[in-house]
Amino acid sequence: MSAGATFSAIGTTAHLLVTEPSALPEAEHLLRELLADLDAACSRFRPDSALSLVNRAGHAAATHPMLLTALEVALRAAEDSDGLVDPTLGNSMIAIGYDRSFAEVAPSTPRPVTAVPGGAAWRRIVVDRATGSVSLPPGTQLDLGATAKAWAADIAAARIAIQCGCGVLVNLGGDLSIAGTAPASGWKVRVTANHSVPSDGQVVAVRSGGLATSSTTARTWRRADRVLHHVLDPATGLPVRRVWRYASVAAPDCVTANTAATAALVLGERAAGWLARRDLAARLVAADGTVTTVAGWPDQPRTAAAEVA
Amino acid sequence: MVRQLHPTARDAALRRVSKITTGIVVASVAGTLGIGAGIAIAAPPPKQNNKTDYGSKSKNKPASKPTKDGKAQPNDKPESSVGDEDTTSGGS
C-alpha cells in the first residue's frame, strides 16, 4: 500500500508517492526543503533568487551551488539536443509575455508579440565549478524551466529513497522520477495533455527512471490574435508550431525524458525518428488526436488509437 | 640398507626445497594481498551523511525492482496498464 501527498511549489503541483506510508512525513519534509532551495536558486520570478541575480548582472561569483548544478544540467541538455532545448531563452519568454509567474500572466491582451530568437548563447556561457562562478554572454537571460524541474524530481526521488528506504515517485508538474523499489504492478501514470486536468490519454505502468510530458496546450495565453504557449523554438524565439498537442517520453532519468519531450515538440514532424534513433520510448499525440508511439511505448488497450482533439 | 647421499647432492636438494618453499610463501602473500585489493576496489564507498549536496549531477538512484524472472529492468520503458492512475504526467 502506498501513500501520497500533494502540494503547490515552484509554480506547479508537487505530487509525492511512497511505498511505505510511515515514511511519508519525512519524505514530504525532504521534498519541501529541496523545492524551497530550488526556488531560491533557480526561480526566474523571484527578484532575490540566485538566477535573477545572474540575469541582472550577467555574472556571479560563488553563486548558489544548486544554480550551478542546475545550469550544468541545462547546458548538458542543450548539448545533447543540439540546442533544441535552450536555457538562454529568457528574453524570448519575456518578449512573448511570460515575464512573471504564470498565475499572473494576463490571459489575453491586444498587444502583439515580438520574436527574440535564441542565438545559441548557451554555447558561450562560462561555468567555473572551482570558484562557483557563472558568466553569461552580454544581454543573455537564463530560463531553466525546462530542465531544472526535472532535475529536482530526479535528485528528490533519489534522496528520499535512500533516506527513507522505500520506493518513491516524485512528480513535479508532470515531470516524474522514480527511485527505490516500485509497487509490484509498477506506478500507474496517466499521460495526458494537462497534468492538472487529467481526462484523456493513456495509463502506463513505470518501475524506474523518469517520465515527462511536454504540451502545447497547457499554460496558454493570448496576445493579439495569437494563442501562445511556453514551449519555444530556439530558432524563432516563438512558441513551436502545434504539430503535437503533447509528447510523453520515458527515459533512464527525468532530465533525459524532459529534454526529449521538449525537443520532440520543437522538431515537429521529425520527432518520431529523432526519438527512435535514441531508443527513447515515447507517445506523441498530434493536433488532430492521432497517436504515434515510438521505441517500445506500449499499445493502448481497449481504446481507439486516437484522442479527441 | 641405507645409502648415504653425496654431500654436494644433499646441499643441492636442500636449496631446491628452500626455493620451492620461498616461492609458495611469496605466492600466498601476493594472492592474499591481491584478493584484499580486489575486495577494496569492489566494495561500495561508505554511505554519505545526510548533508545536502547539490554538486553531483548523477542521481545515484537505488536499484529498481527486478522483473518477474529476476532480471533487472533492461531499460526504463513503460508497460501497458489499465485502471486508475496513481499520478499524472501532463504538460504544466
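Everything numeric here is computed off the predicted structure, so don't read it as measured data.

Participant: I'd like a rundown of the sheet that holds strand E10 (residues 202–206) of chain A, residues and numbers included.
Facilitator: Read across the open sheet, the four strands follow the order E1(B)-E10(A)-E9(A)-E2(B); overall the sheet is mixed. Every other strand in the sheet has two partners, leaving strand E1 (79–80) and strand E2 (87–91) of chain B as the edge strands with one partner each. Relative to E10(A), strand E9 (residues 187–194) of chain A is paired through five bridges, and the arrangement is antiparallel. Looking at E10(A), one finds that A:Val191 is bridged to A:Gln202.

Participant: I'd like a description of the sheet that holds strand E3 (residues 59–60) of chain A, backed by residues and values.
Facilitator: All names here are of chain A. What the three strands build is an open sheet, ordered E3-E6-E5; its pairing is antiparallel. Edge positions in the sheet fall to E3 and strand E5 (126–128), since each of these pairs with one other strand and no more. With three bridges connecting them, E5 and strand E6 (residues 133–135) associate as antiparallel partners. The partner of Asp128 across the bridge, within E6, is Ser133.

Participant: Describe in detail the pairing of strand E16 (residues 244–251) of chain A, supporting the description with residues and values.
Facilitator: Residue and element names in this part refer to chain A. Counting buried positions along E16 yields eight of eight residues, so the element is predominantly enclosed. The sheet contact formed by strand E11 (residues 209–215) and E16 spans six bridges and is antiparallel. Each bridged residue has a counterpart across the sheet, and for Gly210 the counterpart in E16 is Ala251. Here five bridges tie E16 to strand E17 (residues 282–286), and the two strands are oriented antiparallel to one another. Residue Trp244 lies in a different strand from E17, and its bridge partner there is Ala286.

Participant: Explain the confidence of the model for chain B to me, and be specific about the residues and the numbers.
Facilitator: All names here are of chain B. Per-chain confidence: chain B averages 55 in pLDDT, with 17% of residues scoring 70 or above. The element-level mean pLDDT for chain B is lowest in helix H1 (residues 7–42), coming to 52, with E1 highest at 92. Between residues 31–53, whose pLDDT stays under 50, and residues either more than four places distant or in other chains, the model counts four contacts. Here residues 55–74 is a poorly scored stretch, pLDDT under 50, and it has 43 contacts once near neighbours within four places are set aside; other chains count. Reported confidences for the modelled complex are a pTM of 0.79 and an ipTM of 0.87.

Participant: Lay out the nonpolar core with the relevant residues and their values.
Facilitator: In globular proteins that are soluble, nonpolar side chains generally tend to be buried together. All names here are of chain A. In this structure, Leu16, Leu31, Leu35, Leu144, Ile160, Val168 and Val170 are the most contacted members of the largest nonpolar core, which totals 54 residues. The set of elements that each furnish at least two residues to this core consists of strand E1 (3–9), strand E2 (12–18), helix H1 (24–42), helix H2 (50–57), helix H3 (65–80), helix H5 (145–164), strand E7 (168–172) and helix H6 (254–267). Among the elements that take part in this core, H5 stands out by supplying eleven residues, more than any other. In contact with Leu31, other than residues within four places in its own chain, are Phe7, Ala14, Leu16, Ala156, Ile160 and Val170.

About the thresholds
- Residues numbered from 1 in each chain as written.
- Chains lettered and ligands numbered in written order.
- Predicted model: local features only at pLDDT ≥ 70, side-chain atom pairs only at ≥ 80, totals over all residues.
- Heavy atoms only, no water.
- Pairing = 2+ DSSP bridges.
- Helix = DSSP H or I, 4+ residues; strand = E, 2+ residues; numbered from the N terminus.
- Buried < 20%, exposed > 50% of the residue type's maximum accessible area, 1.4 Å probe, protein only.
- pLDDT = per-residue confidence, 0-100.
- Contact = heavy atoms within 4.5 Å.
- Core = buried A, V, L, I, M, F, W, Y, C linked by side-chain atoms within 4.5 Å.

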